[in-house]
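One letter stands for each residue in the lines below.
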Amino acid sequence: MKGWYESFILLWGMLAIGGVAIVLQCMASKIQGELLVECKQPAGTKNQWIKNLRNKFEVCYELHIPVQDVGGFLDRYLWEYRYGNIRLHTWESMGIYGAWLVATYFGVCTILALYTGSSLRVYGVYCIYTLVLLCMIFGCDLLLQIHAKQKMIRVYLLDYLENTLKSRYENQYLYPEEQEEYQREYFEEEERKEENHTMSEREKIELIGEVIEEYF
């Protein structure tokens, strides 16, 4: 093992772990980006998961079980979202998992260096590569905005459920009589306004006719 350590064969294992972690971060960013695009227009989405969320929310009101905590309802549903049989929250944390594995691998190499009495120069190389890998992993996390995308997905869906669907389904399933009465009163008021407007136009035409007869 000392030969592997000092010939930097073990270092390639660390580089492989860091490389895989960065690739998985890029995949997570792509998955979240595609979902975020659909969440910006949930009414016309083709995403089956969002459609199922909308249908499940509607069924609650059809059964006269109004959703009191929309945020909790959404969080529970988001927790179950999977891509490639992996939860979305797991994809979001790929960078953290990668950094943890790199740090753990470095810890094992440090113990091995102390046990075998390797030189400080070799140990310094491992330290430098560890720091570089950790900086790259956390840098990718910031540049790809993985955690920000996760928050925006929740914000868009919560806004749609709470400010659009909730009031619509409450009026449709919980208070249909009140909604019908309001619509009837609204249209009657519009008809009255139209009649008043028509009468005003008629009076104006008559007034113009009187002025013409009087002065011409």
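Quantities reported herein were computed from a predicted structural model and do not represent experimental measurements.

All right, on to the overall build of the protein chain then. Check the secondary structure of the protein chain and you find nine helices and two strands. Reading the helices (α) and strands (β) of the protein chain from amino to carboxyl end gives α-α-α-α-β-β-α-α-α-α-α. When contacts within the protein chain are restricted to residue pairs at least 6 apart in sequence, long-range pairs at least 24 apart make up 76% of them. Accessible surface for the protein chain amounts to roughly 14,200 Å². Of this, 61% is attributable to carbon and sulfur atoms.

A separate point is the packing of helix α2 (residues 9-39) against helix α6 (residues 94-116). Contact pair α2 / α6: the axes reach a minimum separation of 8 Å and the direction vectors enclose 175°. As the angle between them shows, α2 and α6 are arranged roughly antiparallel. Here α2 contributes Leu10, Gly13, Met14, Ile17, Gly18, Ala21, Leu24 and Gln25 to the contact with α6, which in turn contributes Met94, Gly95, Gly98, Leu101, Val102, Tyr105, Phe106, Cys109 and Leu112. Taken together, the residues of the contact of α2 with α6 sort by class into twelve nonpolar, five polar and no charged.

So, about the confidence of the model for the protein chain. Averaged over the protein chain, the pLDDT score is 81; the fraction of residues at 70 or greater is 77%. For the protein chain, per-element mean pLDDT is lowest for helix α9 (residues 176-215), which scores 56, and highest for α2, which scores 91.

Once that is clear, we can look at the packing of aromatic side chains. Following the criterion strictly, the structure yields eight aromatic pairs and no others. Among the aromatic side chains, those forming a connected cluster through ring pairs are Phe57, Tyr61, Phe73 and Tyr169.

With that out of the way, let us pick up the pattern of salt bridges. Summed over all chains, the structure comprises three salt bridges. Put simply, Glu34 and Lys30 hold a salt bridge, and the shortest N to O gap is 2.6 Å. A residue pair is termed a helical-turn pair when its members lie 3 or 4 positions apart in one helix, as Glu34 and Lys30 do in helix α2 at four residues. Judged by its relative accessible area of 42%, Glu34 falls in the partly exposed class.

A cluster of nonpolar side chains, namely Ile128, Tyr129, Val132 and Met136, defines an oily patch on the protein surface of about 370 Å² accessible area. In this structure, Val132 sits in helix α7 (residues 120-143). On the basis of relative accessible area, Val132 is assigned to the partly exposed category, the value being 40%.

What follows is about the nonpolar core. Ranked by size, the top nonpolar core spans 30 residues in total, and within it Leu35, Trp49, Phe57, Tyr61, Leu157 and Leu161 carry the most contacts. With residues near it in sequence (within four places) discarded, Leu161 still touches Leu53, Phe57, Val70, Phe73, Leu74 and Lys166. Grouped together as the second largest cluster of nonpolar side chains are 16 residues, Leu10, Leu11, Leu112 and Ile137 included.

Turning to α6, a few remarks are in order. Given a rise of 1.5 Å per residue, 23 residues ought to cover 33 Å, and the 33 Å separating the end C-alpha atoms of α6 matches this to within 8%. Turning to α6, its buried residues number three or more, namely Met94, Gly95, Gly98, Ala99, Val102, Phe106, Cys109, Thr110, Leu112 and Ala113. Immediately downstream of α6, the backbone of Gly117 shows phi near 70°, a positive value.

Close contact between helix α3 (residues 48-62) and helix α4 (residues 70-79) brings their axes to 12 Å; oriented N to C, the two are set at 140°. Relative to α4, the element α3 is oriented oblique. Crossing angle aside, the handedness with which α3 passes α4 is right-handed. Together, Trp49, Asn52, Leu53, Lys56, Phe57 and Cys60 of α3 and Val70, Phe73, Leu74, Tyr77 and Leu78 of α4 make up the contact between the two elements.

What follows is about unusual backbone geometry. Of note, His64 is a non-glycine position whose phi angle comes to about 60°, a positive value. Tracing the backbone through its elements, the reader meets His64 in the loop between α3 and α4. Although it is not a glycine, Gln145 sits at a positive phi angle of roughly 55°. Topologically, Gln145 is positioned in the loop between α7 and α8 (146-174).

Analysis parameters
- Residues numbered from 1 in each chain as written.
- Predicted model: local features only at pLDDT ≥ 70, side-chain atom pairs only at ≥ 80, totals over all residues.
- Heavy atoms only, no water.
- Helix = DSSP H or I, 4+ residues; strand = E, 2+ residues; numbered from the N terminus.
- Contact = heavy atoms within 4.5 Å.
- Areas by Shrake-Rupley, 256 points an atom, 1.4 Å probe, with all protein chains shown as cover.
- Axes fitted to C-alpha atoms, helices over the stretch in contact; angles between N-to-C directions.
- Parallel < 35°, antiparallel > 145°, perpendicular 65-115°, else oblique.
- Nonpolar A, V, L, I, M, F, W, Y, C, P; charged D, E, K, R; others polar.
- pLDDT = per-residue confidence, 0-100.
- Phe/Tyr/Trp six-rings, centres within 6.5 Å; stacked < 30°, edge-to-face > 60°.
- Salt bridge = Lys/Arg side-chain N within 4 Å of Asp/Glu carboxyl O.
- Buried < 20%, exposed > 50% of the residue type's maximum accessible area, 1.4 Å probe, protein only.
- Patch = residues over 30% accessible without salt bridge, like charges linked within 9 Å, V, L, I, M, F, W, Y side chains within 5 Å.
- Core = buried A, V, L, I, M, F, W, Y, C linked by side-chain atoms within 4.5 Å.
- Expected span 1.5 Å × (residues − 1).
- Left-handed = near helix turned anticlockwise from the far one by under 90°.

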